[in-house]
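So you can see what is in the structure, the chains are spelled out below.
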Amino acid sequence: MIAPIPFLVGAGPLPDARMRAGCLLLASAWGVELSHHRCSENPHQVLGLLSAEMGMVQLSGDPAMFHPDGGSWLEALGAWRQPTILMVSPLPSGEIPGVAPAYVALCAVLDVPLIGVLQLGGPWNPSLRRSDGLPWFGLLPDDPSALSAVPNGGGLQQGPSMEELVVQLRRRLLLSSD
């Protein structure tokens, strides 16, 4: 079995540009390389070739879709015990789509070691995120320079800093490998 490598997967198919930007931002803040695979690739073949030195892996496409060779990427991530960070893109209204809790539940059913959920862009509303009961870690902004801005009004606040986010994710990753 390979050493745990964090997989960055979307809750359903996410826009490639938004997913890529968020994954690059997170990998840069984490200080690791980012590799990329597609859900069309055979998950067991890919997982068999990975090494712990690879850093993080961005998975493009819908990880819950059935693969022609059998199963899905989420099933494989559960079977191979690979820590997974779920990325969620908000609706234009800023609301989180129902696919987010559905994917969190699917990860639990498939025994995927879910490290947490990150919001890709949009407004960050901590009180709404706390009330939905998902294991949120914070926001990866569309514009990284927004991290230094202090939003105002409507109860919207900036999420944790990138440094705090990475510390929390690393801590959770270590706890998941016990």
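Let me sum up the structure you'll find in this document. (Residues numbered from 1 in each chain as written. Predicted model: local features only at pLDDT ≥ 70, side-chain atom pairs only at ≥ 80, totals over all residues. Heavy atoms only, no water.)

## Describing the overall build of the protein
Under the convention used in this document: Secondary structure elements follow DSSP: runs of H or I no shorter than four residues count as helices, runs of E no shorter than two count as strands, and numbering proceeds from the N terminus. Note on classification: 1.4 Å probe, protein chains only; a residue is buried when its accessible area is under 20% of the maximum for its type, exposed when over 50%, partly exposed between these limits. The contact rule is simple, with two residues in contact once any of their heavy atoms fall within 4.5 Å. The accessible surface values rely on the Shrake-Rupley method and a 1.4 Å probe; as for residues, cover is taken only from the protein chains in view.
On a plain count of helices and strands, the protein comes out with 6 helices and 6 strands. In the protein, the succession of α and β elements from N to C terminus is β-α-β-α-β-α-β-α-β-α-β-α. Taking all 178 residues of the protein together, 48% fall into the buried category. A separation of at least 24 residues holds for 69% of the contacts in the protein among residues at least 6 apart in sequence. Counting only carbon and sulfur atoms, one obtains 58% of the accessible surface of the protein, whose full area is about 8,500 Å².

## A closer look at the pattern of salt bridges
Convention followed: Note on definitions: salt bridges are taken to be side-chain nitrogens of Lys or Arg within 4 Å of carboxyl oxygens of Asp or Glu.
Applying the stated rule across the entire model yields 2 salt bridges. A salt bridge links Asp111 to Arg81; the shortest N-O distance between them is 3.6 Å. Placement of the pair is Asp111 in the loop between helix H4 (99-109) and strand S5 (114-120) and Arg81 in the loop between helix H3 (73-79) and strand S4 (84-88), with a sequence separation of 30 residues. Notably, a salt bridge pairs Arg129 with Asp132, separated by 3.5 Å at the nearest N-O pair.

## Describing the sheet that holds S5
Hydrogen bonds between backbone groups are what pair the strands of a sheet, and the pairing can be parallel or antiparallel. Stated formally: When DSSP finds two or more bridges between a pair of strands, those strands are recorded as paired. Angles here are taken between N-to-C directions and fall from 0 to 180 degrees, while the axes themselves are lines fitted to C-alpha atoms, restricted in helices to the stretch in contact.
The 6 strands lie next to each other as S2-S3-S1-S4-S5-S6, forming an open sheet whose pairing is parallel. Here the strands that pair on one side only, and so sit at the sheet edges, are strand S2 (34-38) and strand S6 (136-140). The sheet shows a mean angle of 25° between the axes of neighbouring strands, taken without regard to direction. Bridge count between S4 and S5: 5 bridges; the pairing is parallel. Counterpart to Thr84 in the pairing with S5 is Leu114. Running at roughly 175° to strand S3 (residues 56-60), helix H1 (residues 16-30) makes contact with strand S1 (7-10), S2, S3, S4, S5 and S6 of the sheet. Lying over the sheet, H4 contacts S1, S4 and S5, oriented at roughly 165° with respect to S4.

## Remarks on the nonpolar core
How we decide: Side-chain atoms within 4.5 Å are what join buried Ala, Val, Leu, Ile, Met, Phe, Trp, Tyr and Cys residues into a set we call a nonpolar core.
Membership of the largest hydrophobic core comes to 28 residues, with the highest contact counts inside it found for Phe7, Trp73, Leu77, Leu86 and Val88. Looking at this core, the elements that each hand over two or more residues are S1, helix H2 (43-49), S3, H3, S4, H4, S5 and S6. If near-sequence neighbours (up to four positions away) are discounted, Val88 is found in contact with Ala11, Ile96, Pro97, Ala100, Val117, Leu118, Gln119, Leu120 and Trp136. Grouped together as the second largest cluster of nonpolar side chains are 22 residues, Met19, Ile85, Met87 and Ile115 included.

## Quick word on empty space enclosed by the protein
Here is the rule we go by: A pocket here means an open set of points on a 1 Å grid, computed over the protein atoms alone, that has protein on both sides within 12 Å along at least five of seven lines. A cavity is instead a set of points where a 1.4 Å probe fits but cannot get out; residues with an atom within 4 Å of a point line either one. Grid points are joined across faces, edges and corners, and a volume is the space filled by probe spheres set on the points.
Applying the stated rule across the entire model yields 1 cavity of 30 Å³ or more. Roughly 40 Å³ of internal volume is contained in the largest cavity. As for the largest cavity, its lining consists of Gly10, Gly12, Leu14, Asp16, Met19, Leu59, Ser60 and Gly61. Of all elements in the fold, only H1 and S3 reach the threshold of two or more residues within the lining of the largest cavity.

## Side note on helix H6 (residues 162-176)
Our working rule: Multiplying 1.5 Å by the residue count of a helix minus one yields the expected span of that helix.
The first and last C-alpha atoms of H6 sit 21 Å apart over 15 residues, in line with the 21 Å expected at 1.5 Å per residue. Elements that come into contact with the buried residues of H6 comprise H1, S4, S5 and S6.

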